[in-house]
Amino acid sequence: MKAVSENKCFGGVQGVYSHASDACGCDMTFGLYLPPQAGNGPVPMLWYLSGLTCTHENAMTKAAAQGFAAEAGIALVFPDTSPRGEAVADDNAFDLGKGAGFYVNATQDPWAPHYRMWDYLAEELPALLGAEFAVDLDRQGITGHSMGGHGALTLAMAHPGRFASVSAFSPIANPSRSDWGRKQFSAYLGEDDTAWARHDATRQMEAVGFDGPVLVDQGGDDQFLDLLKPEALSQAMAARRQDGVFRMQKGYDHSYFFVSTFIPDHVAFHADALGL
């Protein structure tokens with residue numbers, strides 16, 4: 001592992017690190033904010049998964065979460081959204097290939113050799129963080145925006161007991177019934193719809209739900225509402241009587257202006273679930 005940069009931030013350190021990934025078969029880069037409390041021992045950890053076209057850097061520089069994390073004493077992890085490198089398959093479209101890994105393990109060519117973001121986030125990166133940094137793997141929360149909201153919700157529901165809480169900003173809520181999902185799932189996973197179910201937050205909410213609190217914020221003026229399908233997830237949460245809150249925020253769009261407005265609520269939500 002190599003430190004790309006480390007900057008003092010709200011009394012803690014905002015770092016960027018790269019390492020060779022066995023899961024993805026390439027070098028991967030991630031951001032990690034360690035609050036000042038990490039100087040005294042391991043701190044709880046909040047994952048932030050980013051959306052289409054993003055890297056580790058977008059939320060790290062635009063979400064304005066570090067100050068709130070420092071107050072709460074929680075680390076922030078900013079993974080990349082896909083594998084990178086010359087040998088990694090790509091597509092000319094913005095919503096397939098690099099920057100659009102959709103947090104799945106691809107089974108189809110040419111994607112299968114590198115696009116294994118599910119294993120990277122569920123297994124490899126947590127193990128690396130626990131071995132190298134002052135973070136407590138027994139106290140984790142997860143959040144994300146858009147494609148990252150989809151990833152946060154599906155990873156949380158697939159790993160009972162791992163995450164104390166899950167939240168999402170404008171998640172792709174029902175991808176197997178959206179053009180932001182069907183296209184990518186067909187390419188990465190093949191045409192069998194049954195292989196898509198574990199990567200659809202609405203279908204997983206209907207099938208298993210989440211064993212903790214859920215918070216979802218959706219902008220009422222989001223330009224991608226028809227692709228995100230928030231009503232499907234909201235209805236599934238209500239039908240399941242899921243412990244959680246779904247909020248439609250009037251006038252807000254899909255941008256980081258929306259995310260940065262409500263990130264204090266989300267950090268506080270996870271901090272409370274983590275007993276901070």
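In this text, all values refer to a predicted model and were calculated from it rather than measured experimentally. (Residues numbered from 1 in each chain as written. Predicted model: local features only at pLDDT ≥ 70, side-chain atom pairs only at ≥ 80, totals over all residues. Heavy atoms only, no water.)

I tried to follow the overall build of the chain on my own but got confused; where do I start?
Secondary structure summary: the chain contains nine helices and nine strands in total. Relative to the globule expectation of 19 Å for 276 residues, the C-alpha radius of gyration of the chain, 17 Å, shows essentially globular dimensions. Principal-axis analysis of the C-alpha atoms places the extent of the chain at approximately 50 × 45 × 35 Å. The buried share of the chain, taken over its 276 residues, is 59%. Within the chain, contacts between residues at least 6 apart in sequence are counted, and of these 72% link residues at least 24 apart. Within the structure as shown, the chain displays about 10800 Å² of accessible surface, and the carbon and sulfur contribution to it stands at 49%. (Helix = DSSP H or I, 4+ residues; strand = E, 2+ residues; numbered from the N terminus. Rg over C-alpha atoms; globule rule 2.2 N^0.38 Å. Buried < 20%, exposed > 50% of the residue type's maximum accessible area, 1.4 Å probe, protein only. Contact = heavy atoms within 4.5 Å. Areas by Shrake-Rupley, 256 points an atom, 1.4 Å probe, with all protein chains shown as cover.)

Would you explain the packing of aromatic side chains in this entry?
Aromatic rings in a pair are described by how distant their centres are and how their planes are angled relative to each other. Taken as a whole and judged by the stated rule, the model has 14 aromatic pairs. Judged by centre distance (4.9 Å) and plane angle (40 degrees), the rings of tryptophan 180 and phenylalanine 224 are tilted. Here the residue tryptophan 180 occupies a position in helix α5 (residues 179-189), and phenylalanine 224 occupies one in the loop between β8 (214-219) and α7 (225-228), the gap between them amounting to 44 residues. The buried category is assigned to tryptophan 180, whose relative accessible area is 7%. The partly exposed category is assigned to phenylalanine 224, whose relative accessible area is 28%. An aromatic cluster of at least three residues, connected via ring pairs, comprises Phe169, Tyr252, Phe258 and Phe262. (Phe/Tyr/Trp six-rings, centres within 6.5 Å; stacked < 30°, edge-to-face > 60°.)

Please explain helix α3 (residues 117-132) as it appears in this structure.
Along an α-helix, residues three or four apart share an orientation, since each turn contains 3.6 residues. The sharpest bend along α3 reaches about 35 degrees and sits at glutamate 124, with the proline proline 126 one to four residues further on. Taken together, the buried positions of α3 are occupied by Met117, Trp118, Tyr120, Leu121, Ala122, Glu124, Leu125, Pro126, Leu128 and Leu129. (Bend = angle between axes of the 7 residues up to and from the residue.)

Got a minute to help me understand helix α9 (residues 256-273) in this structure?
Over its 18 residues, α9 runs 24 Å from end to end, which matches the ideal 26 Å to within 8%, given 1.5 Å per residue. Residue serine 255 occupies the N-cap position of α9, its side-chain oxygen lying 3.2 Å from the main-chain nitrogen of phenylalanine 257. Positive phi shows up at glycine 275, right after α9, with a value of about 75 degrees. (Expected span 1.5 Å × (residues − 1). Polar contact = N/O pair within 3.5 Å; in protein donor to acceptor, adjacent residues only side chain to side chain.)

Looking at this structure, how should I read unusual backbone geometry?
Excluding glycine, residues mostly have negative phi values, and the peptide bonds linking residues are mostly trans. In this chain, aspartate 109 is followed by proline 110 through a cis amide linkage whose omega measures 5 degrees. Considering the arrangement of structural elements, one finds proline 110 in the loop between β5 (75-78) and α3. Its identity is not glycine, yet phenylalanine 102 carries a phi of approximately 60 degrees, on the positive side. For phenylalanine 102, the location among the structural elements is in the loop between β5 and α3. Although it is not a glycine, tyrosine 103 sits at a positive phi angle of roughly 55 degrees. Mapped onto the elements, tyrosine 103 comes out in the loop between β5 and α3.

So far we have only geometry, and geometry alone does not tell us how the molecule works.
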